[in-house]
Amino acid sequence: MSDAPEPAGTDRWETPTGLAENAAVVAKALGLAATVLVVPALAVGSAAGMAFLVLAILAGAAVADVPTALGWLLLGLAIAGLGTAAAFLLRARATFLAGRDREALAAELVGLVDLSEITTATLADLAELTSRGAGIRAVSRARALWRILRRLDVGEHTSRFDRAKWFVPPEVGTTWLLAQIVTWSGAVAWLLVPAAVALRAVGTI
């Protein structure tokens, strides 16, 4: 048996082949999850949007007849709710579409965790920032510093990947937050619909 050391990069996660294989597995799981979750997401978002739309119609009609502070408040809340529900539905659709092409998603996941390109560019900018060449070169140094700071921003890095960004922070966190807001505000909106009808009937709004 040879005692020669094992070549570097033989670890399954460190080799390009192993990384690509695992990215394909992750992409398949993410794509399946996006496909399964898009149905309840669309149902919840559509139900909330419908409740806010009904509230907006009721409040808008009331404000058109007799403008009141309560009527304007309900109208403003309904419009804000509609906007939130629409934003959530668009994100749910984008996440679903991002997970459909598993091969493209896997390729982006590889790029997302492959820091060699970022490292090379950062080292070049650091060299520019700390160089002792002739002149102050304030502008070029400022640009190099700005590029370094931008690379430290996780959102800036992930935004380059059209598909993978929907499954990693900060986008996935924003989608989850919107899901919670839409779910609970939609439930409250459906409770407010009969209340708004009653208030409209008695002329309060």
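Right above here is the structure, for reference.
So, here is what we can say about the structure in this document.

Analysis parameters
Counting from 1, residues in each chain are numbered in the order their sequence is written. A pLDDT threshold of at least 70 governs which residues receive local features in this predicted model, and a stricter bar of 80 or more applies before side-chain atom pairs are shown or counted, although totals over entire chains, interfaces and linings include all residues. Side-chain measures were taken over the full set of non-hydrogen atoms in the model, leaving aside hydrogen atoms and water. Starting at the N terminus, helices and strands are each numbered in turn, a helix being any DSSP run of H or I of at least four residues and a strand any DSSP run of E of at least two. Any pair of residues with heavy atoms lying within 4.5 Å of one another is described as a contacting pair. Residue-level accessible areas treat just the shown protein chains as cover; the underlying method is Shrake-Rupley with a 1.4 Å probe. For salt bridges, the criterion is a side-chain nitrogen of Lys or Arg within 4 Å of an Asp or Glu carboxyl oxygen. Think of it in three bands: residues with accessible area under 20% of the maximum for their type are buried, residues over 50% are exposed, and the middle band is partly exposed, with areas taken using a 1.4 Å probe on protein chains only. A patch is a set of surface residues, each over 30% in relative accessible area and not in a salt bridge, joined within 9 Å for like charges and within 5 Å for the nonpolar side chains Val, Leu, Ile, Met, Phe, Trp and Tyr.

**Side note on the overall build of the protein chain**
Then, in step 1: Scanning the protein chain from terminus to terminus reveals 7 helices and 0 strands.
Then, in step 2: Contacts in the protein chain between residues far apart in sequence, at least 24 positions, make up 72% of those at least 6 positions apart.
Then, in step 3: About 12700 Å² of surface is accessible on the protein chain, with carbon and sulfur atoms providing 70% of the total.

**Examining the pattern of salt bridges**
Then, in step 1: For the structure on display, the rule yields 3 salt bridges.
Then, in step 2: The salt bridge involving Asp65 is made with Arg200; its shortest N-O contact spans 2.4 Å. One end of the pair, Asp65, is in helix H1 (residues 16-65); the other, Arg200, is in helix H7 (residues 171-202), with 135 residues separating them in the sequence.
Then, in step 3: Owing to a relative accessible area of 29%, Arg200 belongs among the partly exposed residues under this scheme.
Then, in step 4: The partner of Glu108 in a salt bridge is Arg163, and the shortest N-O contact between them spans 3.7 Å. Placement of Glu108 in helix H3 (residues 102-113) and of Arg163 in the loop between helix H6 (154-158) and H7 is noted, with a sequence separation of 55 residues between them.

**A look at unusual backbone geometry**
Then, in step 1: Omega for the bond connecting Pro169 with Pro170 falls within 30 degrees of zero, at 5°, which places this linkage in the cis form.
Then, in step 2: Tracing the backbone shows Pro170 in the loop between H6 and H7.

**Quick word on the environment of Gly203**
Then, in step 1: By secondary structure assignment, the location of Gly203 is in the segment after H7.
Then, in step 2: Take Gly203: its relative accessible area is 54%, and that puts it in the exposed class.

**Considering the side chain of Thr95**
Then, in step 1: Residue placement: Thr95 occurs in helix H2 (residues 69-98).
Then, in step 2: Those residues in contact with Thr95 that lie beyond four places of it in its chain are Ala34, Trp166 and Phe167.

**Notes on a nonpolar patch on the surface**
Then, in step 1: Taken together, the side chains of Met50, Leu53, Ile57 and Trp190 present a nonpolar region at the surface, about 400 Å² in accessible area.
Then, in step 2: Checked against the element boundaries, Trp190 lands in helix H7.

**Quick look at the environment of Val197**
Then, in step 1: Tracing the chain through its elements places Val197 in helix H7.
Then, in step 2: For Val197, a relative accessible area of 45% corresponds to the partly exposed category.
Then, in step 3: It is 10.0 Å that separates the C-alpha atoms of Val197 and Val54, two residues lying 143 residues apart in sequence.

Note that every value here comes from positions in space, so none of it alone points to a role or purpose.
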